[in-house]
Amino acid sequence: MTSQTSRAVVISKPGGPEVLELRQQEVGEPGAGEVRVRHAVCGLNYIDVYQRTGLYPLEMPHALGMEASGTVEAVGDGVTHLAVGDRVAYAAMPPGAYCDVRVMPAAQVCPLPDALSFEEGAAIMLQGMTVEYLFHRTYPIAKGEKVLFHAAAGGVGLLACQWAKSEGIELIGTASTDEKCELARAHGAAHVINYRTENFVERVSEITNGKGVDVVMDGVGKDTFDASLDCLKPLGIMMSFGNASGPVPPVSLLTLAAKGSLKVARTTLFTYTADPERCQDMARHVLGKVVSGDVKVKIGQRFPLEQVADAHRALEARETIGSTVLTL
Ligand code: NDP
């Protein structure tokens, strides 16, 4: 077989959910270092929104989607860690995972243990590897340290709550409703704060007896960044990793000095996974946490691929909890 067609979600200009178009595209044979993967399930992530709106610019037209699970259908020269028929999952550049079948670089495609369903695989790779590097690679967080985690009932959030608990880290989770707060607590958050109705700086101070937290993990961005610096202990670290409420404006280094020699890291998963060995190592760590039962994958919503625009609307309207998948 030389080529086949696949449904794929493509944008030809940045914009609202209405720019998402379902098209047919040709899929060929994998070249050296590539595999062809037939997807079972695709994952939905907030980065897909940033790419759709143009906050993270893409060349146009461009297919969207960063994560999926499925089965290897063909393997190009030089690929040694995968074989035809393997169950796999991935979170990888370039975007284009919202489709039935695609050819892509093999380095970031990871074997999926039999213990995980395709849905779990598609839901956990991107958000799980993010939690993995935030807890272990940006700054290795020690047992007993305290972390403030914003949007704790979201996809990354519910995984972070469970990860923290399993590592003996005290996580304070924020969320915008009492229901979301309870969900975060049920997933392992030691404390929860409804940041719509409570002042989270005051609450963090109460919870930590005025000492502050060692680490803030902030994927909300503009609305939470400044106040989050006031939640840190001297020498604490702010891990800014997202902009769900908008991008963080420029920060003065003098502010960091004045607030107690604070550190700020602005990280992105794909720097960590660019190294193939590190990527496979991170994936094994995350999938191992699911196999061991330390972490459960919470799929809060499922949308058929044809309804991808509704999935984006729900995510942006803060209507989702946990992870969201697109079914094929
Ligand atoms: P979530 O499921 O966490 O959804 C985003 C959540 O952000 C919402 O549910 C909402 O929770 C909160 N939020 C606060 N303000 C707003 C707002 N104005 N509009 C929309 N949502 C808002 O998404 P993901 O788990 O996919 O991602 C979480 C964050 O992590 C995102 O910013 C994402 O880009 C980032 N990320 C970064 C990575 C990296 O390596 N840099 C990798 C993976 C994710 P609530 O209602 O409780 O406030």
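The structure presented is a predicted model; accordingly, all values stated were derived computationally and were not measured. (Residues numbered from 1 in each chain as written. Predicted model: local features only at pLDDT ≥ 70, side-chain atom pairs only at ≥ 80, totals over all residues.)

Asker: Explain the environment of Val-19 to me, please; I cannot follow it from the model alone.
Answerer: Inspection of the secondary structure puts Val-19 in the loop between strand E1 (4-11) and strand E2 (21-27). C-beta crowding within 10 Å serves as the criterion here: with 18 such atoms nearby, Val-19 is assigned to the partly exposed category. For Val-19, the contacting residues outside a window of four places in its chain are Ile-11, Lys-13, Pro-14 and Arg-52. (Helix = DSSP H or I, 4+ residues; strand = E, 2+ residues; numbered from the N terminus. Buried ≥ 20, exposed ≤ 12 C-beta atoms within 10 Å, placed from the backbone. Contact = placed C-beta atoms within 7 Å.)

Asker: Hey, could you run me through the UniProt feature "domain: Enoyl reductase (ER)" (unreviewed entry) in the chain in this one?
Answerer: Under the UniProt annotation, the feature "domain: Enoyl reductase (ER)" (unreviewed entry) is placed at residues 15-326. Annotation note: span residues 15-326, helix share 31%, strand share 27%, distance between end C-alpha atoms 20 Å. (UniProt positions renumbered as here; feature names shortened; annotations may be inferred.)

Asker: What exactly am I supposed to notice about the environment of Gly-212 here?
Answerer: Here Gly-212 shows up in the loop between helix H5 (200-207) and strand E12 (213-218). Under the C-beta neighbour-count criterion, Gly-212 is labelled buried, with 22 such atoms within 10 Å. Along the primary structure Gly-212 and Ala-283 are separated by 71 residues, whereas in three dimensions their C-alpha atoms are 32 Å apart. Those residues in contact with Gly-212 that lie beyond four places of it in its chain are Val-204, Cys-231, Leu-232, Lys-233 and Gly-236.

Asker: Just checking my understanding: could you explain the sheet that holds strand E14 (residues 263-266) for this structure?
Answerer: Here we have 6 strands laid out as an open sheet, ordered E11-E10-E9-E12-E13-E14, and parallel in their pairing. The open sheet has two edge strands, strand E11 (191-194) and E14, and neither has a second partner. Within the sheet, the average angular offset between the axes of one strand and its neighbour, ignoring direction, is 15°. Strands strand E10 (170-175) and E11 of the sheet are contacted by helix H4 (residues 178-186), whose axis makes an angle of about 165° with E11. (Pairing = 2+ DSSP bridges. Axes fitted to C-alpha atoms, helices over the stretch in contact; angles between N-to-C directions.)

Asker: What exactly am I supposed to notice about the packing of helix H1 (residues 46-53) against helix H10 (residues 308-316) here?
Answerer: Helix-helix packing: each pair is described by the crossing angle between the helix axes and the interaxial distance. Direction vectors running N to C along H1 and H10 enclose 105°, while the axes themselves pass 10 Å from each other. When the interaxial angle is binned, H1 and H10 end up roughly perpendicular. Across from Tyr-46, Val-49 and Arg-52 in H1, the residues of H10 making contact are His-312, Leu-315 and Glu-316. Classifying every residue of the contact of H1 with H10 by side-chain character gives 3 nonpolar, 1 polar and 2 charged. (Parallel < 35°, antiparallel > 145°, perpendicular 65-115°, else oblique. Nonpolar A, V, L, I, M, F, W, Y, C, P; charged D, E, K, R; others polar.)

Asker: For this particular structure, what's the right way to read the environment of Ala-68?
Answerer: Mapped onto the fold, Ala-68 is located in strand E5 (residues 67-75). Taking the C-alpha atoms as reference points, Ala-68 and Phe-200, 132 residues apart in sequence, are found 35 Å from one another. Filtering out sequence-adjacent residues up to four positions away, Ala-68 remains in contact with His-39, Val-41, Cys-42, Gly-43, Tyr-90, Ala-97 and Ala-122.

Asker: When you look at the site of the ligand in this model, what are you seeing that I'm missing?
Answerer: Near the ligand lie 30 residues; those nearest to it are Gly-154, Gly-155, Ser-176, Gly-219 and Gly-242. When contributions to the shell around the ligand are tallied by element, the ones reaching two or more residues are H1, helix H2 (118-136), helix H3 (155-166) and H10. The residue makeup of the shell around the ligand, split by class, is 12 nonpolar, 14 polar and 4 charged. If you count residues domain by domain, the shell around the ligand takes at least three from each of domain 1 (4-127 + 270-327) and domain 2 (139-266). (Near = placed C-beta within 6 Å. Domains from an automatic or database assignment.)

Asker: Which parts of the structure should I look at to understand unusual backbone geometry?
Answerer: As a rule of thumb, non-glycine residues mostly have phi less than zero, and peptide bonds are mostly trans rather than cis. That bond from Met-60 to Pro-61 is cis: its omega, -10°, falls within 30 degrees of zero. Mapped onto the secondary structure, Pro-61 falls in the loop between H1 and strand E4 (62-63). With omega at -5°, the peptide bond leading from Met-93 into Pro-94 counts as cis. Considering the arrangement of structural elements, one finds Pro-94 in the loop between strand E6 (87-91) and strand E7 (101-105).

Asker: What is the right way to read the packing of H2 against H3 from this model?
Answerer: Where H2 contacts H3, the axes come no closer than 9 Å and their chain directions differ by 50°. Regarding the angle of H2 to H3, the classification is oblique. Seen from above, H2 lies across H3 with right-handed handedness. Between H2, through Gln-127, Gly-128, Thr-130, Val-131 and Phe-135, and H3, the contact on the second element is made entirely by Gly-155, Val-156, Leu-159, Ala-160 and Trp-163. When the residues that make up the contact of H2 with H3 are grouped by side-chain class, the tally is 6 nonpolar, 4 polar and no charged. (Left-handed = near helix turned anticlockwise from the far one by under 90°.)

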